[in-house]
Structure formats: structure tokens, C-alpha cells
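# Understanding the architecture of this molecule
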Amino acid sequence: GLFALTSGNGVALLSVDRLSVTLDGHTILRDVGFEVAAGQWVGILGPNGAGKTTLLRAIGGHIPFEGEVRLRGTPIEAMSAQEQARAQAFVRQARSLTFDFAVEEFVLLGRAPQRGWLQPYRESDRERVREALARVELEGFATRSVLSLSGGEMQRVFLAQALVQGADLLLLDEPTAHLDVHYQFSFMEQIRAQAEAGRTVLAVGHDLELAARYADRLLLIADGELRAQGPPASVLTPERIASVFGVRVALDQHPDGTLRIDYLGPVSSSDENRVPG
Ligand SMILES: Nc1ncnc2c1ncn2[C@@H]1O[C@H](COP(=O)(O)OP(=O)(O)OP(=O)(O)O)[C@@H](O)[C@H]1O
């Protein structure tokens, strides 16, 4: 269910407790705590530089942190690299690759954590790659070079790679950034299907309406701190959007349940001076 924090055995799929990250002497995240149940979709919102990517990287075990990150109750530092790679898939922001791969070979790398060291891939692995490429509507791209892809095509290749991995937890960093409107929705629907199949999703994004539509819960991060968490309608209030993003909005709950946001303009300095009390 939407608000159940724990899976059948009473342990959250992901629990983050007093997480702080300091990089090169700068405190990037401070005292962040939340829990996510299996099958839940959590959207992570916040201004540029707030610490969203850093949060995903800490949970992914890619950077050192203080506090605790547990997957099904096990601290991630107690898991081997292969166990971690099996448990969670990370879809990074699309960026230029430096190695040349055919698309199908690149997606196949997502199966590596399921294979022993230097074990050959099986026909079933290649079958999963074909399925995943079909899901992201890139059937004809199997033998194309990844270096030749557009930003949106590359983003969908990253998703396909995460899908074949079969991990319980999907960490998505601005997954729809390069996608046109068709693929934004197609991507979100793919991820929704993953969540309905029991996978847990943590997705960073900048589109408040899209996050409100798809996520079960939102985390709002600003200046390295968790400012709010809960169901989308409780997190995204005009006051909070004004104070965190510096933008005035009017909100409208559409009859179909989705949130419509009217962006009225930047918070002006005279607005800021009108603080009550
Ligand atoms: N190694 C580092 N040393 C110092 N500061 C860093 C380091 N790495 C990241 N930062 C800073 O940490 C802050 C948070 O970065 P992060 O990438 O997590 O932000 P974000 O919320 O994902 O932002 P965006 O929406 O712009 O992608 C930024 O101000 C960034 O410049």
C-alpha cells in the first residue's frame, strides 16, 4: 500500500538514517532520514545544487557518508560490490561516453552483476537485452554505436541497461532530462510498471507536475537538508515552492487527481520583505 513503510517481514526496503555527506571539506548533505517500502516510488525534488544527486550517489555506495543506509536491513557497507550491484541499478544523467560499444553490448553490461567473475553471458541474458530495447522503443538500435546516439536515445539505453539488471531498487538521476514529451511519459510508464512489479524507485527530477503525478511520495531537498516528505499534495504547497524554488505558483488539483501548476513568476524582493510577523 501507499503508506506502508515496511515489506512483509517488517523491514523497509531502503532506510536512510542521519545521512550526512562531506566532500572536499564542504557539507553537502546534513542529517537526512527516510524509509521506503518495497514497490514504492519516491520522487526527489529540490533546486540545483541542493544535494539530490549526492543523495543518490551515497545510497548507491559511490561516495563516503556518515550515518546509515540499509537495504532490507543490511548496511550497504556490509554488502560486497557484487551484492550492491545486484540490489540496485543506477541510471545516471546522460553524459558522453568515452568507450565505444554497440548498443546491445552496452545494455548487456547490466547483466554483469548476475554473472560470476568472467562468466560468459547466456542466451537468456541476450534475450533480456532484446526485451529491454523493445520496451524503450529502440529495437532497431542493437548494433548502433553508443557514441552515435542522441541524448534522448542514450538516456533510454541507460534505462534498458538498468532494466536488464533486475535490481530491487532503481536509482534514477534526472531520467527524463533529454526526453521529448512522448518518451517522458513512456519512460515514466515503464518505471511505473517496474514499481507495480515490486521494484522500488528513487527518482530525481525537476518537473514538479510529473513527479507529483507518478510518485507515491516526494522528498524535498534544499541546501543539503530534507525540508519535507510525504504525499505529493502535502509536500508541494505554494508557500514551500516559493520558499524553496523562489517561484510563485498557483496550484490546481485537476479532477483526474493530477496536480496542475501555474508558474506566475519569480518571487520578487518585495514579496520576500512581506514576511508575516
Ligand atoms: N567534490 C565536491 N566538492 C565540493 N562541492 C561539491 C562536490 N561535489 C558536489 N559538490 C556540491 O554539492 C552540491 C550538491 O550537488 P548535487 O549534484 O548533489 O546537487 P543536485 O541537487 O543534484 O543539483 P542539480 O539539480 O543541479 O543536478 C552542489 O553545490 C555541488 O557543487
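Since this is a predicted model, take the numbers as computed values, not measurements.

## Here's the deal with the nonpolar core
By size, the foremost hydrophobic cluster in this structure holds 76 residues, and its most contacted members are Val107, Ala160, Leu170 and Leu171. In this view, alanine 160 contacts Val107, Ala132, Leu133, Arg135, Val136 and Leu138; residues no more than four positions away in its chain are not counted.

## Topic: the sheet that holds strand β10 (residues 225–230)
Taken in spatial order, the six strands make up an open sheet running β6-β7-β8-β3-β9-β10, and their pairing is mixed. Unpaired on one side and paired on the other, β6 (88–91) and β10 mark the two borders of the sheet. Across the sheet, the axes of successive neighbouring strands diverge by a mean angle of 15 degrees, strand direction being ignored. Both strand β3 (residues 41–45) and strand β8 (residues 200–204) contribute to a ladder of four bridges, which runs parallel. Of the residues in β8, the one forming a bridge with glycine 43 is alanine 203.

## Remarks on the sheet that holds strand β1 (residues 14–23)
Spatially, the four strands line up as an open sheet ordered β2-β1-β4-β5, and their pairing is antiparallel. Two strands bound the open sheet, and with one partner strand each, they are β2 (26–36) and β5 (74–75). As defined by bridge partners, β1 adjoins β2 across seven bridges and the pair is classed as antiparallel. Within β2, the position partnered with valine 16 by the bridge is phenylalanine 34.

## A word on the pairing of β10
Remark: a regular strand shows side chains that alternate across the two faces of the sheet. Sheet topology places strand β9 (residues 217–222) next to β10; five bridges connect them, and they run antiparallel. When the sheet's bridge partners are listed, leucine 220 is paired in β10 with alanine 228. Between β9 and β10, which pair antiparallel and follow one another directly, the connecting turn spans two residues, one of which, aspartate 223, has a positive phi of 50 degrees.

Each value, and the rule that gives it
Residues numbered from 1 in each chain as written. Predicted model: local features only at pLDDT ≥ 70, side-chain atom pairs only at ≥ 80, totals over all residues. Core = buried A, V, L, I, M, F, W, Y, C linked by C-beta atoms within 7 Å. Buried ≥ 20, exposed ≤ 12 C-beta atoms within 10 Å, placed from the backbone. Contact = placed C-beta atoms within 7 Å. Pairing = 2+ DSSP bridges. Helix = DSSP H or I, 4+ residues; strand = E, 2+ residues; numbered from the N terminus. Axes fitted to C-alpha atoms, helices over the stretch in contact; angles between N-to-C directions.

Distances and angles like these do not, on their own, reveal function.
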